[in-house]
Structures are given as structure tokens and as C-alpha cells.
Amino acid sequence: MEPIQNNADLSAYLGADEAIDHHHPVVREAAARLAVEVVDSYTYALAAYEFVRDAIPHSADSGDPRVTWRASDVLERRTGVCYAKAHALAALLRAEDIPAALCYQRLAHDDGEGWAVHGLVAVRFNGAWHRQDPRGNKPGVDARFSLDGERLAWAPDRERGEVDYPLLYAEPHPAVLGALKAAPDRAYLWKTLPTAL
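This one's a predicted model, so the numbers in the text were calculated from it and none came from an experiment.

Rules of the game
The residue count restarts for each chain, going from 1 along the sequence in the order it is written. Owing to the predicted nature of the model, reporting of local features is limited to residues with pLDDT of at least 70; listing and counting of side-chain atom pairs is limited to 80 or more, with chain, interface and lining totals taken over all residues. Side-chain numbers here rest on the full set of heavy atoms in the structure, without hydrogens or water. Comment: elements are numbered from the N terminus, with helices defined as DSSP H or I runs of at least four residues and strands as E runs of at least two. Radius of gyration here uses only the C-alpha atoms, and the compact-globule reference equals 2.2 Å multiplied by the residue count raised to the power 0.38. For this analysis, residues touch if any pair of their heavy atoms sits within 4.5 Å. Accessible surface is estimated by sampling points in the Shrake-Rupley manner with a 1.4 Å probe; for residues, cover comes only from the protein chains shown. In summary, the charge assignment counts Lys and Arg as positive and Asp and Glu as negative, without counting His or the chain termini. For charged residues, the charge sits on one atom: NZ in Lys, CZ in Arg, CG in Asp, CD in Glu.

J.: When you look at the overall build of the chain in this model, what are you seeing that I'm missing?
T.: Counting its secondary structure elements, the chain contains 7 helices and 6 strands. For the chain, the N- to C-terminal ordering of α and β elements is β-α-α-α-α-α-β-β-β-β-β-α-α. Expected size for 197 residues packed as a compact globule is a radius of gyration near 16 Å; at 15 Å, the chain falls within 12% of this value. Expressed as lengths along the three principal axes of its C-alpha atoms, the size of the chain is roughly 45 × 35 × 30 Å. Here the analysis covers contacts within the chain between residues at least 6 apart in sequence; of these, 63% occur between residues at least 24 apart. A total accessible area of about 9100 Å² is found for the chain, and carbon and sulfur atoms account for 49% of it. Within the chain, the 29 negative side-chain charges are centred at a point lying 3 Å from the centre of the 21 positive side-chain charges.

J.: Just to check I follow, could you spell out unusual backbone geometry for this structure?
T.: Peptide bonds are, in most cases, trans, and in most cases residues other than glycine have a negative phi. Look at Arg78: it is not a glycine, yet its phi comes out positive at around 60 degrees. By secondary structure assignment, the location of Arg78 is in the loop between helix 4 (71–77) and helix 5 (82–95). Positive phi is not limited to glycine here, since Asp97 has a value of about 60 degrees. Among the secondary structure elements, Asp97 is positioned in the loop between helix 5 and strand 2 (100–108).

Written as C-alpha cells, this is what we have:
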């Protein structure tokens, strides 16, 4: 699958908005801490990815009922679902002038009943976009940062109707952001997750 920018202007993938609030002091402080230990933009992107993947638990894995959606809240509260973690990673990347996009998959629930949209990030290096999954690893999930072939949490099964959406968004998809903002807790969010884009 070839990713497609939904905005032709690459600078849109460096911008801030209400969810990817990379000018917020919490985001700037986290970016500065990560940048101290690295030698170039690649090693920064890797460090940011591993920080979001490993240091911020996916709220379903940890049992945390809170719903976060702003990057600064995800970093401060140390919790989030896939979309929120993608917002946090995009903000950390953009804070260091690395273009980052939001992208999505449509996956079947584990029990095979119904669908959910899963959130990813694409990072731009060497003139190309590379999708990354900061969801967080667990038994059966081994996502890794890679510019040489995707190492995502899940590969959609087209025979089951699962989909890799090719569009790269500069801002969160409205259906995703609307669901996050309307949810008082994760139990409610689980009932209102987008099932398709």
C-alpha cells in the first residue's frame, strides 16, 4: 500500500492543532529530554517512538478507565488508547521538525464480531512515509520502529474485510477525535469507537 497525503502541503504535517499540541510545555519538555540523548533526527524519532510505545501504557492493557486525546494530556497522565498514543508520538516528532501524519486501519475485533478503527503514525524520512504503531506491545504484539518494512502491531487480513486506509492525515480524523472527546471513560469509548472511515 502506498500512503497518500490528504494535504499536498508537507508543512501541514508539522503543524499544531488541539490534539497534536506540540507547543504545549509538557510536550516541549518531553521532546527536550528525548533530544538530549540522540545524535540525529532518526535516533530522535526512534527514541520518541519507543518512549510512547513503552512508557505510556495502552489504557486497555493497563485497565485505566481515563480517556485522553490531547498529546500533552497523554504525556502528562501516561495513558491512552491507540489514537491518543498516535497523537502523542506525532506531537513529539513535530516538536523536533520531523513530519508526522496520522493514519488508520480497520480491523476485526478479536472475537470476530464487529470492527474497530486502529490508529497509527507515519513519519517522513528520506523522501518517503513510513508507518509506525506506537500502541504498545503485549503477548502476540511486537511492533517496532522501522524504515525498512513495516513492523506494525497488526497486518490487516483482506479476506476478513480488514483494511489499511492509505490516507495520511495532518489532523486527527473527525470521527476519531469526536469519539475521543465525547467519551467520559474508556468503557463508553469502546462502545462508540469508529468502525470505518
